[in-house]
Amino acid sequence: MLFVGDLNNRSLSDSLGRDLNVDVIYPDKHIFDDGEIRMRVETPVLDEEVFILKSTSQPVNDNFLELLFTIDVLKRSGAKKVTAIIPYLGYSRADHVFREGEAVPLEVVIKSLEANGLDEIILIDPHTIRMSEMFRIPHRMESALPVFAEKIKELDLPAEKISIVSPDMGGIRRVRQLSEMIEGSTYAAINKDRDLESGSIESTHVGEGEIREICIVTDDIISTGDTMVKAVDLCLKEGAKDVYMFATQPVFAGNAHEKLANCKAKKIYITDAIPVPEEKIFENLEILSLAPHIASLLQKEKL
Ligand code: R5P
């Protein structure tokens, strides 16, 4: 097996290489004066099974092309099978026509990966379960929830006081699953309204389940941070005393990090699915590595 790391996320790539006990191959990337890029992989890959790690986070379009070009290099150089491990797939939220006249970027992204010869894809906490129906190539939908469960157990909080809370009704399956991993806890989901024109959101009320003294608000993506911050406020308004945040993909758009740093959550846990630039790291933030979890998933399958 050969492992191609993500130039944009060397920390996760190197940790995963260590956990898998394989060398990390980094493609050579050259940016021309006009902004076009050239990707090269010098390591021979003929008849090899190759795994690529790549999050198509900001700059989303550049990272996506980098992924497509790297797949092309590998296929063109005779790799037997190319599997992409994608901790974050940009455009995941653009999964249907929200308003008449719009494209469906996620469908375009998936069709491009497939047409480019990708053999298999492994996604971590894909935004929608609908994604499973959108792929025609073999795909696996994995989750960071076991990593969160391990951390929550480490915090040693009384389970009977814990509610695992989704900041929107769409995440109910996720919080139900995480709650099952924390014996004695319960779950709840908040009703969130989004204005499609302005994008502004409002957490209106608890749509399902029970808010207990300790809330663990869990989501896939933190982008502007508004969803999580408003969910924390609603939990406190509904009687919670301590609120923690857990999210897989820290997109951290614009000044999200400032909103999060100033919100009322006791601690904010994210993963290294997307690297967070130094200037966006704040005191209350802890980054959990996905490397051991991804390594064990790959080793379990004897890949
Ligand atoms: C949406 O359904 C997702 O699960 C997240 O809740 C959303 O992407 C978060 O966005 P933001 O941080 O901008 O509120």
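Higher on the page you've got the structure.
Below: a short report on this structure. (Residues numbered from 1 in each chain as written. Predicted model: local features only at pLDDT ≥ 70, side-chain atom pairs only at ≥ 80, totals over all residues. Heavy atoms only, no water.)

Quick notes on the site of the ligand
Consideration 1: Taken together, 14 residues sit near the ligand, with Asp219, Asp220, Ser223, Thr224 and Thr227 positioned nearest.
Consideration 2: One of the side-chain N or O atoms of lysine 192 is found 3.4 Å from an oxygen atom in the ligand.
Consideration 3: Taking aspartate 220, its side chain carries an N or O atom lying 2.6 Å from an oxygen atom of the ligand.
Consideration 4: If the ligand stood free it would expose 380 Å²; the protein chains cover 90% of that surface.
Consideration 5: Among the secondary structure elements, those contributing two or more residues to the shell around the ligand are β10 (186-194), β12 (214-222) and α7 (226-237).
Consideration 6: For the shell around the ligand, the element with the highest residue contribution is β12, accounting for four residues.
Consideration 7: Looking at the shell around the ligand residue by residue, the classes come out as two nonpolar, five polar and seven charged. (Near = heavy atom within 4 Å. Polar contact = N/O pair within 3.5 Å; in protein donor to acceptor, adjacent residues only side chain to side chain. Areas by Shrake-Rupley, 256 points an atom, 1.4 Å probe, with all protein chains shown as cover. Helix = DSSP H or I, 4+ residues; strand = E, 2+ residues; numbered from the N terminus. Nonpolar A, V, L, I, M, F, W, Y, C, P; charged D, E, K, R; others polar.)

Quick notes on the packing of aromatic side chains
Consideration 1: What the rule picks out here adds up to two aromatic pairs.
Consideration 2: Here the aromatic rings of phenylalanine 246 and tyrosine 269 are separated by 4.5 Å at their centres, their planes lie at 20 degrees, and the arrangement is stacked. Residue phenylalanine 246 is located in strand β13 (residues 242-250), and its partner tyrosine 269 is located in strand β14 (residues 267-271); the two are separated by 23 residues in the primary sequence.
Consideration 3: Judged by relative accessible area, tyrosine 269 falls into the buried class, the value being 3%. (Phe/Tyr/Trp six-rings, centres within 6.5 Å; stacked < 30°, edge-to-face > 60°. Buried < 20%, exposed > 50% of the residue type's maximum accessible area, 1.4 Å probe, protein only.)

Considerations on the sheet that holds strand β9 (residues 162-166)
Consideration 1: Spatially, the seven strands line up as an open sheet ordered β11-β10-β9-β12-β13-β14-β15, and their pairing is mixed. Both edges of this open sheet fall to β11 (201-209) and β15 (285-288), since each of them pairs with a single strand only. Strand-to-strand twist across the sheet, computed as the mean angle between neighbouring axes with direction ignored, equals 25 degrees.
Consideration 2: Direction of pairing for β14 relative to β15: parallel, over a ladder of four bridges. Paired with threonine 271 across the bridge in β15 is leucine 288.
Consideration 3: Helix α5 (residues 145-155) contacts β9, β12, β13, β14 and β15 of the sheet and is inclined by roughly 155 degrees relative to β13.
Consideration 4: On the sheet, helix α6 (residues 172-181) packs against β9, β10, β11 and β12 and is oriented at approximately 160 degrees with respect to β10. (Pairing = 2+ DSSP bridges. Axes fitted to C-alpha atoms, helices over the stretch in contact; angles between N-to-C directions. Contact = heavy atoms within 4.5 Å.)

It is worth stressing that arrangement in space is one thing and function is another; only the former is reported here.
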